[in-house]
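Spelled out, the chains give:
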Amino acid sequence: MRPRGAAVAADIEGTLIRRGDPGYEDARTGAVWNEVTPRRFPDVLVRAATEADVVHALTWARAQGLRVSLRSGGHNWSGAPLRDGGLLLDLSGLRQCAITPAHGSEPPTATVGPAATGQDLVAALTPQDLAFPVGHCPTVAVGGFLLSGGLGWNSRAWGASCADVREIRAVTADGRTVICSDTEYPELFWAARGAGPGFCAAVTGFRLALRPHPASIMATGLTFPLDEVSRVTEWAEPLARRLPPYVETAFVLASSGPPTESAPRGPRITVAATAFAATEREARQALEPFADCPFGACAVTRRPPVPVSFAALHEGAAAIWPPAHRYAADNLWSPESHATQLTRIADAVAHAPSGKSLVLSPVQPVSQEPALLRNMAFAPLGESYLVCYAIWDDPAGDQDNARWLRDAMAAADPRGDGCRYIAETDLEAGPARARRSYAPATWDRLQEIKAQWDPENLFHSYLAP
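Residues numbered from 1 in each chain as written. Predicted model: local features only at pLDDT ≥ 70, side-chain atom pairs only at ≥ 80, totals over all residues. Heavy atoms only, no water.

1. Some points on helix H13 (residues 440-453)
Here is step 1 of the chain: Here H13 contains 14 residues, and its C-alpha end-to-end distance of 20 Å stays within 8% of the 20 Å for a straight helix at 1.5 Å per residue.
Here is step 2 of the chain: Of all the positions in H13, only Thr442, Trp443, Leu446, Ile449, Lys450 and Trp453 are classed as buried. All buried residues of H13 fall inside an arc of 125° around its axis, so they share one side. Pointing more than 90 degrees away from the buried face of H13 are the exposed residues Pro440, Ala441, Glu448 and Gln452.
Here is step 3 of the chain: For H13, the secondary structure elements touched by its buried residues are helix H7 (186-192). (Helix = DSSP H or I, 4+ residues; strand = E, 2+ residues; numbered from the N terminus. Expected span 1.5 Å × (residues − 1). Buried < 20%, exposed > 50% of the residue type's maximum accessible area, 1.4 Å probe, protein only. Arc of directions from axis to C-beta. Contact = heavy atoms within 4.5 Å.)

2. Comments concerning unusual backbone geometry
Here is step 1 of the chain: The phi angle at asparagine 154 is positive, at roughly 65°, despite the residue not being glycine.
Here is step 2 of the chain: Among the secondary structure elements, asparagine 154 is positioned in the loop between helix H5 (142-147) and helix H6 (155-158).

3. Here's the deal with the environment of proline 431
Here is step 1 of the chain: In this structure, proline 431 sits in the loop between helix H12 (398-412) and H13.
Here is step 2 of the chain: Linking proline 431 and proline 267, residues 164 residues apart in sequence, is a C-alpha distance of 33 Å.

4. Section: empty space enclosed by the protein
Here is step 1 of the chain: This model, assessed by the stated rule, comprises three cavities of 30 Å³ or more.
Here is step 2 of the chain: Space inside the largest cavity adds up to approximately 80 Å³.
Here is step 3 of the chain: Around the largest cavity sit Ala191, Ala195, Gly198, Phe199, Cys200, Leu446, Gln447, Ile449, Lys450, Ser461 and Tyr462, which together line it.
Here is step 4 of the chain: When residues in the lining of the largest cavity are grouped by element, the largest group, four residues, is from H13.
Here is step 5 of the chain: The residue inventory of the lining of the largest cavity, partitioned by class, reads seven nonpolar, three polar and one charged. (1 Å grid on protein atoms, 1.4 Å probe; cavity = no way out; pocket = protein on both sides within 12 Å on 5 of 7 lines; lining within 4 Å. Points joined across faces, edges and corners; volume = space filled by probe spheres on them. Nonpolar A, V, L, I, M, F, W, Y, C, P; charged D, E, K, R; others polar.)

5. Re the domain arrangement of the chain
Many analyses report the size of an interface as the accessible area lost when the parts associate.
Here is step 1 of the chain: Taken as a whole, the chain is organised into domain 1 (4-90), domain 2 (97-212 + 440-454) and domain 3 (216-437).
Here is step 2 of the chain: On a C-alpha basis, the centres of domain 1 and domain 3 stand 34 Å from each other.
Here is step 3 of the chain: Across the boundary between the two partners, domain 1 contributes eight residues, which contact 16 residues of domain 3.
Here is step 4 of the chain: The largest share of the area that domain 1 buries against domain 3 comes from Trp33, Glu35 and Trp77, three residues that together contribute 56% of it.
Here is step 5 of the chain: For the pair domain 1 and domain 3, the number of links is one salt bridge.
Here is step 6 of the chain: Between arginine 40 and glutamate 428 there is a salt bridge whose closest N-O contact spans 3.0 Å.
Here is step 7 of the chain: The class makeup of the residues in the side of domain 1 that touches domain 3 is three nonpolar, three polar and two charged. (Domains from an automatic or database assignment. Buried area = accessible area lost by both parts, 1.4 Å probe. Salt bridge = Lys/Arg side-chain N within 4 Å of Asp/Glu carboxyl O.)

6. A closer look at the confidence of the model for the chain
Here is step 1 of the chain: Overall, the predicted model of the chain reaches an average pLDDT of 95, with 97% of residues at or above 70.
Here is step 2 of the chain: Predicted confidence for residues 1-5 stays below pLDDT 50, and this span has five contacts to residues more than four positions away or in other chains. (pLDDT = per-residue confidence, 0-100.)

7. Comments concerning the pattern of salt bridges
Here is step 1 of the chain: Applying the stated criterion across every chain yields a total of 23 salt bridges.
Here is step 2 of the chain: Among the salt bridges present, the one from arginine 71 reaches aspartate 90, with a minimum N-O distance of 3.2 Å. One end of the pair, arginine 71, is in strand S3 (residues 68-71); the other, aspartate 90, is in strand S4 (residues 87-90), with 19 residues separating them in the sequence. Of the two residues, arginine 71 and aspartate 90, neither departs from the other in class, the shared state being buried.

8. Let's talk about the environment of arginine 211
Here is step 1 of the chain: In this structure, arginine 211 sits in strand S11 (residues 211-212).
Here is step 2 of the chain: Assessed through its relative accessible area of 22%, arginine 211 is described here as partly exposed.
Here is step 3 of the chain: Each C-alpha atom of the pair arginine 211 and valine 140 lies 20 Å from the other, and the pair is 71 residues apart in sequence.
Here is step 4 of the chain: With residues up to four places along the chain from it excluded, the contact list for arginine 211 reads Asp129, Leu130, Ala131, Trp158, Asp164 and Leu372.

9. Structural notes on the state of the cysteines
Any covalent bond linking the sulfur atoms of two cysteines counts as a disulfide.
Here is step 1 of the chain: Evaluated as defined, the whole model comprises zero disulfides.
Here is step 2 of the chain: Cysteine 200 supplies the cysteine sulfur nearest to cysteine 180, a cysteine that is in no disulfide, at a spacing of 9.4 Å.
Here is step 3 of the chain: Free cysteine cysteine 298: the closest other cysteine sulfur is in cysteine 293, separated by 7.9 Å. (Disulfide = S-S within 2.5 Å.)

10. Comments concerning the nonpolar core
Here is step 1 of the chain: Within the largest apolar cluster, 78 residues are counted, with the highest numbers of intra-cluster contacts made by Ile168, Phe199, Phe206, Phe310, Trp321 and Tyr389.
Here is step 2 of the chain: Top element by residues in this core is H7. It accounts for five residues.
Here is step 3 of the chain: Residues contacting isoleucine 168, with those up to four places away along its chain left out, are Val178, Ile179, Cys180, Phe189, Ala192, Phe199, Val203, Gly205 and Phe206.
Here is step 4 of the chain: With 46 residues, the next largest nonpolar core counts Leu243, Ala286, Cys293 and Ala346 among its residues. (Core = buried A, V, L, I, M, F, W, Y, C linked by side-chain atoms within 4.5 Å.)

11. What about the side chain of arginine 433?
Here is step 1 of the chain: With respect to the element layout, arginine 433 can be found in the loop between H12 and H13.
Here is step 2 of the chain: Every residue in contact with arginine 433, bar those within four places of it in the chain, is listed here: Asp330, Arg420, Thr425, Asp426 and Leu427.

12. Quick word on the packing of helix H11 (residues 338-350) against H12
Here is step 1 of the chain: Two elements in contact, H11 and H12, have axes whose closest approach is 8 Å; the angle formed by their N-to-C orientations is 155°. When the axis of H11 is compared with that of H12, the two are roughly antiparallel. In this structure, H11 meets H12 at a crossing whose hand is right-handed. Facing H11, whose interface residues are Gln341, Arg344, Ile345, Ala348 and Val349, H12 presents Trp404, Ala408, Ala411 and Ala412.
Here is step 2 of the chain: By residue class, the composition of the contact of H11 with H12 is seven nonpolar, one polar and one charged. (Axes fitted to C-alpha atoms, helices over the stretch in contact; angles between N-to-C directions. Parallel < 35°, antiparallel > 145°, perpendicular 65-115°, else oblique. Left-handed = near helix turned anticlockwise from the far one by under 90°.)

13. Some thoughts on the layout of surface pockets
Here is step 1 of the chain: Space inside the second largest pocket adds up to approximately 330 Å³.
Here is step 2 of the chain: Lining the second largest pocket are 17 residues; nearest its centre among them are Val36, Tyr327, Ala328, Ala402 and Glu428.
Here is step 3 of the chain: The set of elements that each furnish at least two residues to the lining of the second largest pocket consists of strand S16 (326-334) and H12.
Here is step 4 of the chain: Here the lining of the second largest pocket takes five residues from H12, the largest share from any one element.

Dropping the structure here:
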């Protein structure tokens with residue numbers, strides 16, 4: 001008679017690949033969107049085809065004494081799903097997306113699998129005149145994005161994307177399937193909205209509250225030589241904070257920009273603003289102040305307000321974060337201003353070894369309205385926020401670009417005590433990176449919930465050096 005573990009493994013409808021099997025290395029490297037694949041090697045990879053596969057895989061892992069890591073879309077820059085030993089449970093086959101229309105007083109909702117991407121949601125929602133604060137990059141899957149909190153499009157008005165999660169469906173360490181909400185298993189629901197790669201269960205589905213699609217989305221932007229960073233940020237940051245919450249403003253510091261008639265090729269700073277408004281007139285009025293820049297004559301390019309769509313915004317983001325590239329990323333919440341932070345990091349950007357590297361710094365990246373931060377582990381942890389991306393395509397540049405990222409972040413955070421956002425922090429940069437992504441009381445509560453729901457530590461927690 002076959003051992004129970006073998007029987008459970010045979011029940012899996014998806015794919016089970018052991019280290020040494022044909023296809024193992026393709027499956028391992030394919031678990032990370034980044035072309036930089038960490039040299040960490042799971043013993044087994046399971047690609048789940050159904051929720052039942054998730055239950056079977058966790059049962060089998062417990063029987064075999066294997067710890068479990070999880071992957072939805074693989075966009076984690078540190079490659080957190082890849083761990084040495086254990087079982088990597090790949091949820092990328094759980095990509096369902098179903099819309100439930102409004103009924104009476106009940107608003108419309110979407111039921112989605114963890115591997116559904118922002119691009120998938122936009123394609124499903126736009127024809128029905130609905131929207132959700134999806135991630136800025138189109139191929140980010142909702143699983144890791146929502147578990148980390150989610151800084152999506154229009155989050156200054158709509159809040160963290162996880163604020164619109166109404167329920168999660170999860171398989172716990174003991175093999176139970178539970179539905180969690182504000183009223184059912186509320187402690188697990190709280191952790192699911194912010195714990196990120198340290199969450200202590202396998203989420204197989206989300207029920208999302210949907211919003212009316214903005215009647216008008218318009219975008220504008222001005223680009224300057226990077227040596228104007230102080231003047232640009234000191235003008236644009238207070239302006240952005242005065243604008244209606246449906247205007248999303250971000251600074252982008254690029255290591256190299258194309259030559260123009262007024263400036264040679266070189267590092268740039270762009271002020272980009274997008275309005276998600278009820279009318280086109282409202283959108284244009286909200287963006288008007290950007291046309292009145294007192295030193296606008298110094299701009300190397302000016303983009304007047306133009307209508308855009310979520311799909312077009314995703315196309316633009318895909319150009320900034322192209323696939324088939326090598327990435328390293330880190331971020332910082334700071335009590336200091338954007339002007340201070342971006343002036344500190346500008347010299348590093350100007351001397352980046354790759355012309356594709358950049359810093360993204362949104363002004364007020366998420367609403368701080370208490371109602372939109374209720375019952376979640378996620379919280380904004382500073383007045384300013386930036387993410388630094390090293391982007392290159394030649395493996396020979398790995399060491400130079402990784403070193404550049406850490407030097408750039410050290411310039412932005414000279415005391416080394418800044419806070420982080422768990423979704424995009426360099427988890428291997430220091431053992432305190434995960435802890436610094438949460439307020440102390442939140443971190444302690446996450447550890448308590450982990451101990452309650454995963455007492456045998458089946459699920460890998462936060463990656464560390």
